[in-house]
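Structure at a glance
One letter stands for each residue in the lines below.
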Amino acid sequence: MSTYFTNDHEWIQVEGDTATVGITDYAQAQLGDVVFVELPETGKTLAKGDEAAVVESVKAASEVYAPLDGEIIEGNEVLVDEPAKVNEEPEAGAWFFKMKLANTAQLEELMSADDYKAFVDSL
Amino acid sequence: MSMNTQGRPTAPAGAALGEQRKTFTGNRALDMEEPLLFELGHWNICGVDLDEPEEFSPRLGNHARQSEIALPAFTEPETMRHYVRLSRMNYAIDAGLYPLGSCTMKHNPRLNEKLARLAGFADLHPLQPVSTASGAYELIDMLAEWLMQLTGTTAVAMSPKAGAHGEQCGMMAIKQALLARGEQRSIVLVPESAHGTNPATAALIGYKVVAVPARDDGTVDPQAVADKLKEHEGEVAALMLTNPNTCGLFEPQVVEIANLIHEAGAYFYCDGANFNAIVGKARPGDLGIDAMHINLHKTFSTPHGGGGPGSGPVVLSQRLAPFAPLPFIRRTDEGLELVENTSQLVEGEQPFGRMTAFHGQMGMFVRALAYMLSHGSDGLQQASEDAVLNANYVRVGLQDLMSLPYGEKPCMHEVLFDDTFLKDTGVTTLDFAKAMIDEGYHPMTMYFPLVVHGAMLIEPTESESRASLDLFVATLRDLVISAKEGDTSRFEGAPFHAPRRRLDETAAARKPLLKWTAPTAG
Amino acid sequence: MRYLPLSDNDRAAMMARIGIDGIDELFADIPQDKRIKALESLPKRKTELEVERLLSRMAAKNSAAGDQPFFVGAGAYKHHVPATVDHLIQRSEFLTSYTPYQPEITQGTLQALFEFQTQVAELTGMDVANASMYDGSTGTAEAVLMAHRVTRKKKAVISGGLHPQYREVVEGISAQLPGASVVALPADPYGTEDILAQIDDDTSCVVVQSPSFYGQLIDLKPIAEKAHDHKALLIAVFTEVVSLGLIESPGVQGADIVVGEGQSIGNALNFGGPYVGLFATRQKYVRNMPGRVCGETVDAEGKRGFVLTLSTREQHIRRDKATSNICTNSGLCALAFSIHMTMLGGLGLNKLARINHHNAVKLADALGAVEGVEVLNKAFFNEFTIKVPADANDVIEALAVNGVLGGVPVSRLLPDQPDVAQLITVAATETNTQDDIDAYAAALKEVLA
């Protein structure tokens, strides 16, 4: 199992051809108190970069993009009732969705934890 | 002597001031708490005198309401008290300076209210025979004439209900004009500094929005527009530009931008929200604008009413005039003629459809026309000059202490500061605004436009006297000095003296409670 | 100029402070050749008296509704509004305040909106309502757009009983959307159309007005059921909100969105505007609802207070992804609605509705008794349609000459349809007296003779 990052502040945990996607601790801090999460429909096929989910704070709304090509296999329904979880445990319990990857070769285009840390430090 | 022993001290001398005490009612003298009408009202009365109708057989078929209407009522004195108490929890132009940038919170003359309530205007039905409402059509036509003269345009669509609705109208006219040419274009260019309604409107009517970056000085670079036009050659339907822009600056190269747009076969939509700066100084039509909505509730002082109603007539260039929506008034040799459906059209008239039922915001038309007639051409020009003068007076009074993102140069009718001056003070734009509330001011527009950090957009309008501006400037200077000296306690918990302290917007958004519900027993 | 506080001395001193010699230096960014010196073609300032005289003369050319027996409806209705309402909405604190962006100093507006939303939800039988739309027609268009977002489908089926101008507004916006379509049924004066047959799996929403434009009362339940079978929404529209005092609420009948015109309560005819659009829906759709909404919360001391909420749906945050481009709404008209509604209460609204219905029943009987006149409706609320043995336009004009404003010729809104040429929609409200009704019947008899 390995974890990847994107410069859109998403993390991707990969097990076989299944990826679990969420937003990073840095992202939740920038957003402020999250008040609403809109999840993608299960079964939806997305290409890398497509809008997958929406995360809203009081004064801002942001899209969460599909980090890789694939099909949505599950959304984290807990977040619909408890959006605050995104602030509390962004890189654990508050994952957004799981997807079945269509092309694992795309993983090479993502950042490692160290790369991401350097990226955030540069902001 | 006879001595009146009922005499009592009339001066506070000797009485200790003491600390503020909690009161039994929660009221503080003139600051009064007011429960919801549902907690106070009577469930079994009607506060309007209505005679019980005599017995009759209803003709409702099987449609009679079976469900209860669980709404309480107040008698007349209770109604007065409820709403008067609520009103006292509101800030208002009539109570103080309301420098909400981009909103033009100017004085609302009461003559206009009086005239809008004349029975011949207020008690007039939009579909009563045209022959019985000739004065109404005359008024609409006269207002239209003023708007065309002030903007240097040849047509105006009167029916849009507010600014955003006017934008929609203008953009639909543009789409129709392109269709009439046999073209379907898919892109609308919108500068980053635009009002949020611009991209929302473009998207609403099916256009893809492409952002045009702002120049370092807050204005739009013709080259950036040219680049986008080239990148999307033949695809750009229109540019939507606010001018004067939301940074409070007149776009100096607006004519070049207009030419570029026209050369590309596209149309130039101007958001007229900031028209108050240039009435009688320049005419948008002369600048090459094809369509511009005019917020009558901003520039022409129809009351903002706690969020509306507005009115957003759209002036149109010669190129767009044929596509104005129904209804409209046609001038003929015999007089004015109402055109309200397609069967009445003559050659050349190709309306794109209809924006709303009926004729638009007549009540606002009366007010706006009364405002224009009162000012006259000379007064309108003076008003714009005073609005710009007042904004620059505020700018000059504050620019040494606060931070102008684009340098110390003249602004139009509003002045934009960013939050650089608050750096390392621990005070945010929001804190600063809330501290203004304690000083008796409505805060300026905050965090808009998005192109500068922690924006503070101040629009004093022409309605403020010099003394009023002096006090405002002095107050803001005092606040800035407090912030810079590290007196964060003045800001962090502010406001301290308003009817409410800061409200929990996060809780409101997470679990929305959008109506009153009866408390359940237990 | 009486509205401008600056004196010439002030202006001179302020210019000196700014460091300019003349006001035009502040307008330097306007290209020199585009500046104008004066607006020669427009008149100069006028005194208050002069303006009042000029506009009063214009007003006097109009025949106010109250000047004669008046029966015009078709989407706007003459009702009595208590004097208290108009006084209260002219209080400075309501009239000259703006959208409550700073909740700490706009609790008055916010609490009034919260009360308004509660009233609208209760009247329509829905879970939630927004803080108002521009009017009923634009609200209907917004409802269709919302249904498209919710269902992710793009076909609207529109009843022939919908106000023709409302239909035109919906068609206008639909024509802008790629892939969107409208199936509009033909005019339905008898209330007999088979709208169920039009609903299929592609249908996003069904738009039905009850009471219809022709005054017909429509059973919404079967339409809601069929719509739901096909994962479509039922949008129930009304133009006469007083009807909700006597007719079963659309919410109880299964509507998913209820939208309508609120002018009748609290607001004058105003020749068509400003009015107030009422908009309500189910809890599950709240985040797809257009327009501003006010919600309850607490302040830092734990006191109850109100704020604008769910604003991430709105244009100033979402920009091109907003649910709607609406910004300014109908705040003051919503306040007028709410105050009048507060004086009526549920009980009063029901009584007012019964008086309206009673007058309409009396009027229908009186007009139906005129030779050659047919009342189309078996059931109605305060408005119905009559068929006259002549061109309806001519009849209405002749009635006006006889001092009666007798309704709206349907052909004024549907000029291309010969089958409606003899139809007139007629409305009665609590403002009509028995004398008015007798005068109408007598004038109609004379005109048709």
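Residues numbered from 1 in each chain as written. Chains lettered and ligands numbered in written order. Predicted model: local features only at pLDDT ≥ 70, side-chain atom pairs only at ≥ 80, totals over all residues.

This brings us to the overall build of chain A. The number of helices and strands found in chain A is 4 helices and 9 strands. Ordering the α and β elements of chain A from the N terminus gives β-β-β-α-β-β-β-β-β-α-α-β-α. Computed over its C-alpha atoms, the radius of gyration of chain A comes to 13 Å, within 12% of the 14 Å expected for a compact globule of 123 residues. Overall, the C-alpha framework of chain A stretches about 35 × 35 × 20 Å when taken along its three principal axes. Residue burial in chain A is summarised as follows: out of 123 residues, 37% are buried. Sequence-distant contacts, at least 24 apart, represent 61% of the contacts inside chain A between residues at least 6 apart. (Helix = DSSP H or I, 4+ residues; strand = E, 2+ residues; numbered from the N terminus. Rg over C-alpha atoms; globule rule 2.2 N^0.38 Å. Buried ≥ 20, exposed ≤ 12 C-beta atoms within 10 Å, placed from the backbone. Contact = placed C-beta atoms within 7 Å.)

The next subject is the overall build of chain B. Helix and strand counts for chain B come out as 14 helices and 12 strands. A principal-axis box enclosing the C-alpha atoms of chain B has dimensions of 95 × 75 × 60 Å. Counting only residues that meet the buried cut, chain B has 58% of its 522 residues in that class. In chain B, once contacts between residues fewer than 6 apart in sequence are set aside, the share between residues at least 24 apart is 73%.

This part takes up the pairing of strand E5 (residues 233-238) of chain C. Residue and element names in this part refer to chain C. The element E5 is largely enclosed, with a buried count of 6 among its 6 residues. Here E5 shows a buried face lined by Leu233, Ile235 and Val237 and a second buried face lined by Leu234, Ala236 and Phe238. Inspection of the sheet shows strand E4 (residues 203-209) paired to E5 by 5 bridges, in the parallel sense. From the neighbouring strand, Cys205 faces E5, where its bridge partner is Leu233. Taken together, E4, helix H8 (residues 221-229) and E5 form a β-α-β motif whose crossover is right-handed. As paired strands, E5 and strand E6 (residues 257-261) are joined by 4 bridges and run parallel to one another. Looking at E6, one finds that Ile235 is bridged to Ile257. (Pairing = 2+ DSSP bridges. Right-handed = clockwise from strand over helix to strand, strands pointing away.)

With 170 residues of chain C in contact, the opposing surface of chain B contributes 175 residues. The biggest single contributor to the side of chain C that touches chain B is helix H10 (residues 331-368) of chain C, with 22 residues. Grouping the amino acids of the side of chain C that touches chain B by side-chain chemistry returns 83 nonpolar, 52 polar and 35 charged. (Nonpolar A, V, L, I, M, F, W, Y, C, P; charged D, E, K, R; others polar.)

Residues and elements named next belong to chain B. Along its sequence, chain B is organised into domain 1 (113-370) and domain 2 (377-495). The C-alpha centroid of domain 2 is placed 30 Å from the C-alpha centroid of domain 1. Contact residues are listed per partner, giving 18 residues for domain 1 and 20 residues for domain 2. (Domains from an automatic or database assignment.)

Before going further, it helps to examine helix H2 (residues 48-60) of chain C. Look at H2(C): 18 Å from first C-alpha to last across 13 residues, which is about the 18 Å you get at 1.5 Å a residue. Residues of H2(C) that are buried: C:Val51, C:Leu55, C:Met58 and C:Ala59. All buried residues of H2(C) lie within an arc of 100 degrees about the axis, which places them on one face of the element. Residues of H2(C) that are exposed and angled more than 90 degrees away from the buried face: C:Leu49, C:Glu50, C:Arg53 and C:Arg57. Residues of H2(C) that are buried sit in contact with helix H3 (110-116), helix H4 (119-122), helix H5 (134-151) and helix H10 (362-398) of chain B. (Expected span 1.5 Å × (residues − 1). Arc of directions from axis to C-beta.)

This part is about the packing of helix H8 (residues 222-231) of chain B against helix H9 (residues 254-263) of chain B. All names here are of chain B. Following both chains from N to C, one finds H8 and H9 inclined at 10 degrees, their axes separated by 9 Å at the closest point. Taken together, the axis directions place H8 and H9 in an arrangement best described as roughly parallel. Along its contact with H8, which presents Pro222, Val225, Ala226 and Leu229, the element H9 presents Glu256, Ile257 and Leu260. Class assignment of the residues belonging to the contact of H8 with H9 gives a composition of 6 nonpolar, no polar and 1 charged. (Axes fitted to C-alpha atoms, helices over the stretch in contact; angles between N-to-C directions. Parallel < 35°, antiparallel > 145°, perpendicular 65-115°, else oblique.)

Residues and elements named next belong to chain C. Along H8, the residues classified as buried are Ile223, Ala224 and Ala227. Looking straight down H8, one finds its buried side chains confined to an arc of 100 degrees; they lie on one side. If you follow the buried residues of H8, they end up packed against E4 and E5. Among the residues trailing H8, Lys231 stands out with phi positive, at a value near 55 degrees.

Turning our attention to the sheet that holds strand E12 (residues 408-409) of chain C. To summarise the sheet geometry, strands pair through backbone hydrogen bonds and adopt either a parallel or an antiparallel arrangement. Residue and element names in this part refer to chain C. Across the sheet, 4 strands lie side by side as E10-E11-E13-E12; this open sheet has antiparallel pairing. Each edge of the sheet is formed by a strand with only one pairing partner; in this case those strands are strand E10 (374-375) and E12. Relative to strand E13 (residues 423-427), E12 runs antiparallel, the two being bridged by 2 bridges. Each residue of the ladder has a partner; that of Pro409, found in E13, is Ile424. The sheet strands contacting H10 are E10, strand E11 (383-387) and E13, and the helix crosses E11 at an angle near 5 degrees. Against the sheet, helix H11 (residues 392-401) contacts E12 and E13, and its axis sits at roughly 45 degrees relative to E13.

This part is about the nonpolar core. All names here are of chain C. Val206 and Ile235 are the most contacted members of the largest nonpolar core, which totals 350 residues. A per-element tally of this core places H10 first, with 21 residues. The residues contacting Val206, other than those within four sequence positions of it, are Val157, Ile195, Ile199, Ile223, Ala227, Ala232, Leu234 and Ile235. (Core = buried A, V, L, I, M, F, W, Y, C linked by C-beta atoms within 7 Å.)

Let us look at the environment of C:Thr47. Counting through the fold element by element, C:Thr47 comes out in the loop between helix H1 (8-18) and H2. Spatially, the C-alpha atoms of C:Thr47 and C:Arg2 are 8.8 Å apart, while their sequence positions differ by 45 residues.

Next up on the list: the sheet that holds strand E2 (residues 187-191) of chain B. Residue and element names in this part refer to chain B. Spatially, E1-E7-E6-E5-E4-E2-E3 is the arrangement adopted by the 7 strands of the open sheet, whose pairing is mixed. The sheet is open, and its two edges are formed by strand E1 (155-157) and strand E3 (208-212), each paired on a single side. Adjacent strand axes in the sheet meet at a mean angle of 25 degrees when their direction is disregarded. The sheet contact formed by strand E6 (residues 291-293) and strand E7 (residues 314-316) spans 3 bridges and is antiparallel. If you follow Met292 over to E7, its bridge partner there is Val315.

What follows is about the environment of C:Val157. All names here are of chain C. Within the secondary structure, Val157 is located in strand E2 (residues 155-158). Val157 sits in the buried class, given 26 other C-beta atoms within 10 Å. Sequence separation between Val157 and Thr281 is 124 residues; the distance between their C-alpha atoms is 19 Å. Once residues lying within four places of it in the same chain are set aside, the contact partners of Val157 are Val183, Ile195, Gln198, Ile199, Thr203 and Val206.

Moving on: unusual backbone geometry. Residues and elements named next belong to chain B. Following Gly308, the chain continues into Pro309 via a peptide bond in cis, with omega recorded as 0 degrees. Structurally, Pro309 is set in the loop between E6 and E7. A cis amide bond links Ala494 with the next residue in sequence, Pro495, at an omega value of 0 degrees. Mapped onto the elements, Pro495 comes out in the loop between helix H13 (489-492) and helix H14 (505-510). Phi angles above zero are rare outside glycine, and Thr104 is one such case at about 50 degrees. Note that Thr104 resides in the loop between helix H2 (76-87) and H3. At Thr461, a position not held by glycine, the phi torsion is positive, near 70 degrees. Here Thr461 is to be found in the loop between strand E12 (456-458) and helix H12 (466-484).

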